[in-house]
Number of protein chains: 2
Amino acid sequence: MPLRLNSRDAGFEAAFAALLAGKRESDEDVDAVVADILAAVRRDGDAALLRYTARFDRLELTAETLRVPEAELAEAAGRCDPATMEALALAAERITDYHRRQKPEDMDYRDAVGVRLGHRWTAVGAAGLYVPGGTAAYPSSVLMNALPAKVAGVERLVMTVPTPDGVINPLVLAAARLAGVTEVYRVGGAQAVAALAYGTATIAPVDKIVGPGNAYVAAAKRRVFGTVGIDMIAGPSEVLVVADGDNRPDLIAADLLSQAEHDTAAQSILITDDADFGDAVALAVDEQLVALPRSAIAGESWRNHGAIITLGTMDEAVALIDRIAPEHLELAVADPDGLAKQVRNAGAIFLGRHTPEAIGDYLAGPNHVLPTARSARFSSGLSVLDFMKRSSLVACDAESLRAIGPAAVLLAEAEGLDAHAKSVALRLAVNPEPS
Amino acid sequence: MPLRLNSRDAGFEAAFAALLAGKRESDEDVDAVVADILAAVRRDGDAALLRYTARFDRLELTAETLRVPEAELAEAAGRCDPATMEALALAAERITDYHRRQKPEDMDYRDAVGVRLGHRWTAVGAAGLYVPGGTAAYPSSVLMNALPAKVAGVERLVMTVPTPDGVINPLVLAAARLAGVTEVYRVGGAQAVAALAYGTATIAPVDKIVGPGNAYVAAAKRRVFGTVGIDMIAGPSEVLVVADGDNRPDLIAADLLSQAEHDTAAQSILITDDADFGDAVALAVDEQLVALPRSAIAGESWRNHGAIITLGTMDEAVALIDRIAPEHLELAVADPDGLAKQVRNAGAIFLGRHTPEAIGDYLAGPNHVLPTARSARFSSGLSVLDFMKRSSLVACDAESLRAIGPAAVLLAEAEGLDAHAKSVALRLAVNPEPS
């Protein structure tokens, strides 16, 4: 049974705080192992990659076969179901269209005293996309991670994917091709992250690494942060569904289960103002679990981490939403816009009764890489901005330097930085006020 | 003597690569100590803060005196030199004006099939600003870290600053007041970072921590990343000056020294196409070093990490600039815009002969918190965006869900995620195509 809370109960605040504080991931301590792997790849390059791939993926490769040949990428689509390929192409098109609108604008202006100011955005030179292997190799994830980089203008887009026992999902390769990935390597784990960060003879280093992975991949990304940029360290997925009693319980139950089936550590929470509706959803979840192929996973997630929270009134919802700061927020209520406007912390908001969260996983357009574990309080979903950086611009002429230079000299002197003061003061002396 | 390189010399590529790879910071291993401090603050709260403050800052505080009283903040400006306060106010005004232009816009549109899409930006709820104590407590740094948060709309802006032996710089408090900081606490080091991340009885936790600090502060920020957001982990400061022979050597020498005086680990590099000019700058640096109050620091930086690189022609500059990816780039050449347009990696670009880098440290307008250690390849200076996050928005009605839902069902099935497919398919069944 999932947790049932009622905001009118005396112990509600304590129980809700415990729900928030609950950990869903084991703190697997892989840091020492990962440090060794990173050091080995840095030292031995390709040789280390081949050694680890033989050991972990039971696959004997050479420096030549590490890379998936261009021909294999080109023919992958032909090995996939045509209707699925068409759906994938629609997804790529919709994701591209949405992300194009995120492209930031440059700025260049002259202020009141004549100083020219601005900034200029440029794409990172090369990005690495980590794709997990086996059952977790999702083509949708390839699109969601690669397309923002492509839209940003990243020239070199490198994908690494482990292929245990040599098996690779053709749909993943087809998605990579569709998304403009320029190089694909059969390597995974911390060793793939090391190759992307430090480079080897075969894999040139990148500037930024994105993509989901297990505890080893996460620890490796945390360690190479600084040498390269990384995206967020993603935790297990979550959905918070806010639904009133006017919804069909089976639809809301399906939404909760679509999150629960990801992972036993996933979390699905329902907030409602109608206790009977909550009961009906709980029942519908149990009914649907019976027929669900991934019922073992979904059931464990729902029992251990699921929650149904009944409120006295929907007005109480906003404060709880912001404290949960959900990765996905579904607002299946009469006035979803009115509620959404008050929400501060949520990775993605799905408005109204006709917008199941799953539509956002595939092809609504916005990115499905979203902040988990309450990090929507301070971070955002993956975007084009993650693959660009900004250079600020300043240009003074002699006159505008005269306008602001003396104040800079004063501040530099107050901070005891005399060379700073001198670099401004000397120029003011060279070009004094015209008489 | 700084390093002298010439791009026409046989060993240039190797020597330049070595310059890039050179480490300027010792890898002080403080991680175990920091882990202990974080755990202690998490467990003991205020008591741990007071204990560490007594030990490291030789200062006996209580939970009541941890916070700098409102009255002390209010009267700080009166204890500062009026001309300096005026300069600080001008800086605050200019920084605010520049950062206001960074505020991102919300997006809300309906696509071709009727799906409503968009995103909404909101400010983080609370931000923590770490300010180093002692001689490194710079009022300009308070403005540069706090004002973007203020402009973003952050409601709670908390500053921590260690006050060794009880000493605090009134200009730092005045800057905090000017920048809209709402709470100031006399605590530093890893213990301050822990308090900001986990909270104590006296210091409520924040959502994001920014600001420079020593190795302990950096290690603590790296460890609490995930619980809260953090800005970059800043390394020692750098400037790359590209200057032709038409510059006055003494001005360029002053610019190089204004970076070198920060820290013995700072780095100043000159790129020129005129070997004689390079010699003249080297001479001018030595001359200016004699009279510089911080000559010991600046001299050590210049001797150990400084470099003068002479090119056959300025056309070679862009490739080297992008490989260095400097924090600060000064372009003291005839056509700075033409050169800047080709540059991809630089935190801030200072255009022309009248724009010393120091003007950007104080009051040009753009932020002086910039990516160091080649991280301009993938990251940007501090901005309003660092204190905001984006929620994506999706809204389907029955009709638009019919347009894109079937493709989502196909993709979910291809990924073996049946509950995902069902959450969409059920809705399509409830609202079939109108006949």
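All figures in this text were calculated on a predicted structure; none of them were measured in a lab.

Peer 1: What is the right way to look at the overall build of chain A in this model?
Peer 2: Within chain A one finds 17 helices and 14 strands. Dimensions along the principal axes, computed over C-alpha positions, put chain A at roughly 85 × 60 × 45 Å. Counting the 435 residues in chain A, one finds 62% classified as buried. Residue pairs in contact within chain A that sit at least 24 positions apart in sequence constitute 73% of those at least 6 positions apart. As presented, chain A carries roughly 15800 Å² of accessible surface, and 51% of it is formed by carbon and sulfur atoms. Across chain A, the centroid of the 40 positively charged side chains sits 7 Å from that of the 59 negatively charged ones.

Peer 1: How do you make sense of the UniProt feature "binding site: Zn(2+)" (unreviewed entry) in chain A when you look at a structure like this?
Peer 2: Mapped onto this numbering, the UniProt entry gives "binding site: Zn(2+)" (unreviewed entry) at Gln259(A), His262(A), Asp361(A) and His420(A). These residues run over 162 residues, and the two farthest C-alpha atoms among them are 55.7 Å apart, placing them at more than one spot. Here Gln259(A) is to be found in helix 10 (residues 249-260). Those residues in contact with Gln259(A) that sit more than four places away from it in its chain are Ser237(A), Glu238(A), Val239(A), Ala266(A), Gln267(A), Ser268(A), Glu327(A), His328(A) and Glu357(A). As for its position among the elements, His420(A) is in helix 17 (residues 418-430). Once residues lying within four places of it in the same chain are set aside, the contact partners of His420(A) are Ala412(A), Ser258(B), Glu261(B), His262(B), Ala358(B), Asp361(B) and Tyr362(B).

Peer 1: How do you make sense of the domain arrangement of chain A when you look at a structure like this?
Peer 2: How big an interface is tends to be reported as the loss of accessible area on association of its parts. Annotation of chain A at the domain level lists domain 1 (3-24 + 235-364), domain 2 (31-230) and domain 3 (396-430). For domain 1 of chain A and domain 3 of chain A, the distance between their C-alpha centres works out to 58 Å.

Peer 1: Even after reading the chapter, I still don't get the relation of the copies chain A and chain B, so can you show me in this structure?
Peer 2: It takes a turn of 180° to lay chain A on chain B, together with a shift of 0.0 Å along the axis; the resulting RMSD is 0.0 Å. When the rotation and shift are considered jointly, the pair of chain copies conforms to a two-fold rotation axis. Interface residue correspondence from chain A to chain B reaches 100%, placing this contact among same-surface, isologous pairings.

Peer 1: Please explain the interface of chain A and chain B as it appears in this structure.
Peer 2: Each partner contributes to the interface: chain A provides 123 residues, whereas chain B provides 123 residues. Summed over both sides, the interface of chain A with chain B buries roughly 10200 Å², with 58% coming from carbon and sulfur. Of all residues in chain A, the largest losses of buried area upon contact with chain B belong to Arg344(A), Phe378(A) and Arg427(A), amounting jointly to 8% of the total for that side. At the boundary of chain A with chain B, the tally comes to twelve salt bridges. We note a salt bridge from Asp207(A) to Arg377(B), for which the minimum N-O separation is 2.8 Å. Run the count over chain A and chain B and you get 63 residue pairs in polar contact (both at pLDDT 80 or more). No other element matches the ten residues that helix 16 (residues 398-414) of chain A contributes to the side of chain A that touches chain B. In terms of residue class, the side of chain A that touches chain B is made up of 64 nonpolar, 30 polar and 29 charged. Looking at chain direction, strand 14 (residues 388-395) of chain A and strand 13 (residues 348-351) of chain B are connected through three bridges and run parallel. The residue of strand 13 of chain B that forms the bridge with Ser392(A) is Ala348(B).

Peer 1: Quick question: what am I supposed to make of the nonpolar core here?
Peer 2: Counting 149 residues, the largest nonpolar core has Met159(A) and Met159(B) as the members making the most contacts within it. Excluding its chain neighbours within four sequence positions, the residues that come into contact with Met159(B) are Leu129(B), Val131(B), Val142(B), Val172(B), Ala176(B), Val181(B), Glu183(B), Val184(B) and Tyr185(B).

Peer 1: What exactly am I supposed to notice about a negative patch on the surface here?
Peer 2: On the surface, Glu105(A), Asp106(A), Glu105(B) and Asp106(B) cluster together into a patch of negative charge. With respect to the helices and strands, Glu105(B) occurs in the loop between helix 5 (82-100) and strand 2 (107-110).

Peer 1: Help me out: how do you make sense of the pairing of strand 4 (residues 126-130) of chain B in this one?
Peer 2: Looking along a regular strand, one sees side chains alternate from face to face of the sheet. All names here are of chain B. Of all five residues making up strand 4, five are buried, and the element is well covered by its neighbours. Burial along strand 4 is two-sided: the face carrying Ala 126, Gly 128 and Tyr 130 and the face carrying Ala 127 and Leu 129 are both buried. As judged from the five bridges shared by strand 4 and strand 5 (residues 156-160), these two strands associate in the parallel manner. Residue Leu 129 lies in a different strand from strand 5, and its bridge partner there is Met 159. In terms of strand pairing, strand 4 meets strand 7 (residues 208-210) through three bridges, oriented parallel.

Peer 1: When you look at the sheet that holds strand 8 (residues 229-230) of chain A in this model, what are you seeing that I'm missing?
Peer 2: Neighbouring strands of a sheet are bound in pairs by backbone hydrogen bonds; such pairs are parallel or else antiparallel. Residue and element names in this part refer to chain A. The five strands lie next to each other as 6-5-4-7-8, forming an open sheet whose pairing is parallel. Two strands in the sheet have a free side with no partner beyond their single neighbour: strand 6 (183-185) and strand 8. Each of strand 4 (126-130), strand 5 (156-160) and strand 7 (208-210) touches helix 8 (residues 189-198); the most contacted strand, strand 4, lies at about 175° to it. Running at roughly 160° to strand 7, helix 9 (residues 215-224) makes contact with strand 4, strand 7 and strand 8 of the sheet.

Peer 1: Would you mind showing me how to read the pattern of salt bridges here?
Peer 2: When the charged atoms of two side chains with opposite charge come close together, those side chains can pair. All chains considered together, the criterion is met by 42 salt bridges over all chains. For Asp165(B), the salt bridge identified is with Arg58(B), shortest N-O distance 2.8 Å. In this pair, Asp165(B) sits in the loop between strand 5 and helix 7 (170-178) while Arg58(B) sits in the loop between helix 3 (46-57) and helix 4 (70-76), placing the two residues 107 residues apart along the sequence. The class for Asp165(B) is partly exposed, based on a relative accessible area of 49%. On the basis of relative accessibility, which here comes to 51%, the residue Arg58(B) falls in the exposed class. By sharing partners, the salt bridges in this structure join Arg43(A), Asp44(A) and Arg51(A) into a single network.

Rules behind the numbers
Residues numbered from 1 in each chain as written. Chains lettered and ligands numbered in written order. Predicted model: local features only at pLDDT ≥ 70, side-chain atom pairs only at ≥ 80, totals over all residues. Heavy atoms only, no water. Helix = DSSP H or I, 4+ residues; strand = E, 2+ residues; numbered from the N terminus. Buried < 20%, exposed > 50% of the residue type's maximum accessible area, 1.4 Å probe, protein only. Contact = heavy atoms within 4.5 Å. Areas by Shrake-Rupley, 256 points an atom, 1.4 Å probe, with all protein chains shown as cover. Lys, Arg positive; Asp, Glu negative; His and termini not counted. Charge placed at Lys NZ, Arg CZ, Asp CG, Glu CD. UniProt positions renumbered as here; feature names shortened; annotations may be inferred. Domains from an automatic or database assignment. Least-squares fit on C-alpha atoms with pLDDT ≥ 70 in both. Buried area = accessible area lost by both parts, 1.4 Å probe. Salt bridge = Lys/Arg side-chain N within 4 Å of Asp/Glu carboxyl O. Polar contact = N/O pair within 3.5 Å; in protein donor to acceptor, adjacent residues only side chain to side chain. Nonpolar A, V, L, I, M, F, W, Y, C, P; charged D, E, K, R; others polar. Pairing = 2+ DSSP bridges. Core = buried A, V, L, I, M, F, W, Y, C linked by side-chain atoms within 4.5 Å. Patch = residues over 30% accessible without salt bridge, like charges linked within 9 Å, V, L, I, M, F, W, Y side chains within 5 Å. Axes fitted to C-alpha atoms, helices over the stretch in contact; angles between N-to-C directions.

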